Amino acid sequence: MNNPNIVIIGAGYGGIMTAVKLQKSLNVNEANITLVNKHSYHYQTTWLHENAAGTLHHDRTRMQINDLIDTSKINFVQDTVTKVQPDDKKVLLENGELTYDYLVVGLGFEAATFGIQGLKENAFTISSINSARLIRQHIEYNFAKYNNEADKKEERLNLVVGGAGFTGIEFVGELANRVPELCKEYDVPREKVRIINVEAAPTALPGFDPELVEYAMNSLEARGVEFKLGAMIKEVTEDKLIFEKDEKREEISTNTVVWAAGVQGNSLIVDAGFETNRGRIPVRGDLRAPNYDDVFIVGDCALIMNEETERPYPPTAQIAIQQAEHTAENLKKLVQGNNHLESFTPEIQGTVASLGHSDAIGVVFEDKKLFGWSASAMKKLIDNRYLLKLGGIGLVLKKGKLNFFK
């Protein structure tokens with residue numbers, strides 16, 4: 001009997017962790033495992049906001065896939081997925097195609113623009129190493145350009161972030177630390193620079209604990225962040241952002257708009273014909289796609305309902321990692337002839353949002369609130385724990401955040 005072919009598409013949190021767990025639980029003569037990814041590296045999506053602000057070099061955030069997997073057990077294919085054909089059990093690539101017996105979809109997210117005029121064309125998104133690098137270089141270019149123009153343009157120094165969810169808040173926190181350094185480096189008066197966070201909801205971090213939200217806003221405002229809450233973005237052009245607040249239209253002169261207000265699943269999943277909701281697949285209890293017993297969905301493409309709140313769980317790294325571990329265990333059962341698969345239930349162990357170098361907020365152990373340095377240290381511990389799971393103590397020492405005081 002031929003070994004089953006397991007194909008994993010995408011090497012984000014869900015994809016790479018599935019691969020690492022499978023190589024530990026299956027022998028080389030039990031299955032043929034192939035991992036497909038566009039780039040030669042895996043990266044920490046939750047660190048991209050630091051790369052974009054310029055407070056952490058992007059090489060700290062990414063790690064070569066061949067350093068994480070056992071290439072004698074897993075075949076790594078660096079290529080771009082162009083189409084998924086679940087009825088034919090095929091994955092089409094730019095440079096070939098793969099057939100599978102079992103497919104793990106971990107393709108990640110795309111920005112949801114909600115039809116806002118000009119947003120796709122004129123705003124940046126924090127979605128990859130390259131997009132984060134582009135934002136950093138764009139901001140630095142504007143600071144450098146400001147004093148080299150006779151007609152100094154205020155839009156160069158107005159940094160606007162759309163969305164006050166986790167990504168938006170974490171990014172403005174990094175900007176609040178980075179801007180004073182940029183001002184010193186490029187000889188720009190700090191008072192000329194504005195960091196503006198625009199959010200449609202009436203509060204930052206909607207749904208988060210009000211006491212923690214108040215702490216976060218006070219911390220960020222003390223470092224120069226301006227909040228425009230209850231403000232609906234209507235249009236983004238090359239040199240301004242237009243929003244509506246209290247039924248009045250206002251605009252901000254800016255050529256730097258970073259959109260951090262919404263994500264959706266990968267469009268390839270919609271094109272494949274799966275049942276989807278905003279690009280995410282409402283998975284069954286064992287994380288398989290409806291009507292396809294051979295397709296598992298992990299990470300941003302998986303939609304799981306929280307029965308208590310009757311709302312979907314947010315697509316976080318924490319859940320993606322748990323889904324990967326669960327999927328690897330279920331795949332092991334299938335490969336070894338056991339068709340009794342376990343259902344998946346997320347275990348939310350805590351939520352922490354950074355506010356810059358040594359400041360953060362969070363809730364851990366169900367209801368314990370953390371503020372400031374203790375929350376920042378907890379976030380570093382969480383990040384290091386993931387690296388430990390992924391590549392052991394060597395990866396922690398190489399890539400981890402070991403200085404808890406900055």
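Residues numbered from 1 in each chain as written. Predicted model: local features only at pLDDT ≥ 70, side-chain atom pairs only at ≥ 80, totals over all residues. Heavy atoms only, no water.

As recorded in an unreviewed UniProt entry, the protein chain goes by the name NAD(P)/FAD-dependent oxidoreductase, listed as coming from Halobacillus shinanisalinarum. UniProt, in the comment section headed Sequence similarities (unreviewed entry), describes the protein chain in these words: "Belongs to the NADH dehydrogenase family." Of the comments in the UniProt record for the protein chain, the one headed Cofactor (unreviewed entry) reads "FAD". (UniProt positions renumbered as here; feature names shortened; annotations may be inferred.)

For the protein chain, the helix and strand inventory stands at 10 helices and 27 strands. Over its C-alpha trace the protein chain gives a radius of gyration of 22 Å, about what one expects of a compact globule, namely 22 Å for 406 residues. Viewed in the frame of its principal axes, the protein chain has a C-alpha envelope of about 75 × 45 × 40 Å. Partitioning the contacts of the protein chain with sequence separation of at least 6, the portion at a separation of at least 24 is 65%. When the accessible surface of the protein chain is summed, it comes to about 18,700 Å², and 46% of that surface belongs to carbon and sulfur atoms. (Helix = DSSP H or I, 4+ residues; strand = E, 2+ residues; numbered from the N terminus. Rg over C-alpha atoms; globule rule 2.2 N^0.38 Å. Contact = heavy atoms within 4.5 Å. Areas by Shrake-Rupley, 256 points an atom, 1.4 Å probe, with all protein chains shown as cover.)

Our focus in this paragraph is the sheet that holds strand E26 (residues 360-364). Pairing is antiparallel in the open sheet, where 3 strands are placed in the order E25-E26-E27. What marks the edges here is a single partner per strand, and that holds for strand E25 (350-354) and strand E27 (368-371). Strand after strand, the sheet turns through a mean of 5 degrees between neighbouring axes, direction not considered. Inspection of the sheet shows E26 paired to E27 by 4 bridges, in the antiparallel sense. (Pairing = 2+ DSSP bridges. Axes fitted to C-alpha atoms, helices over the stretch in contact; angles between N-to-C directions.)

Right, let's get into the nonpolar core. Counting 45 residues, the largest nonpolar core has Ile135, Phe143, Ile169, Phe171, Leu175, Phe227 and Ile361 as the members making the most contacts within it. Those elements that provide at least two residues to this core are strand E3 (41-43), helix H2 (48-53), helix H5 (129-146), strand E12 (158-162), helix H6 (166-186), helix H7 (210-222), strand E14 (225-229) and E26. Ranked by residues supplied to this core, first place goes to H6 with 8 residues. The contacts of Ile135, once residues within four sequence positions are left out, are Ala52, Phe124, Thr125, Ile126, Phe171 and Val258. In this structure, Ile8, Ile69, Ala320 and Ala328 belong to the second largest nonpolar core, which totals 39 residues. (Core = buried A, V, L, I, M, F, W, Y, C linked by side-chain atoms within 4.5 Å. Buried < 20%, exposed > 50% of the residue type's maximum accessible area, 1.4 Å probe, protein only.)

You can see Gly173 is positioned in helix H6. Take Gly173: its relative accessible area is 0%, and that puts it in the buried class. Along the primary structure Gly173 and Asp239 are separated by 66 residues, whereas in three dimensions their C-alpha atoms are 24 Å apart. Non-local contacts of Gly173, meaning those with residues more than four positions away in its chain, are made with Leu220, Arg223, Leu355 and Gly356.

This brings us to empty space enclosed by the protein. Using the criterion set out here, one finds 1 cavity of 30 Å³ or more in the structure. By volume, the largest cavity amounts to about 50 Å³. Around the largest cavity sit Arg280, Gly299, Ala302, Ile304, Tyr313, Pro314, Pro315, Thr316, Ile319, Ala320 and Gln323, which together line it. When residues in the lining of the largest cavity are grouped by element, the largest group, 3 residues, is from helix H9 (residues 317-335). Classifying every residue of the lining of the largest cavity gives 7 nonpolar, 3 polar and 1 charged. (1 Å grid on protein atoms, 1.4 Å probe; cavity = no way out; pocket = protein on both sides within 12 Å on 5 of 7 lines; lining within 4 Å. Points joined across faces, edges and corners; volume = space filled by probe spheres on them. Nonpolar A, V, L, I, M, F, W, Y, C, P; charged D, E, K, R; others polar.)

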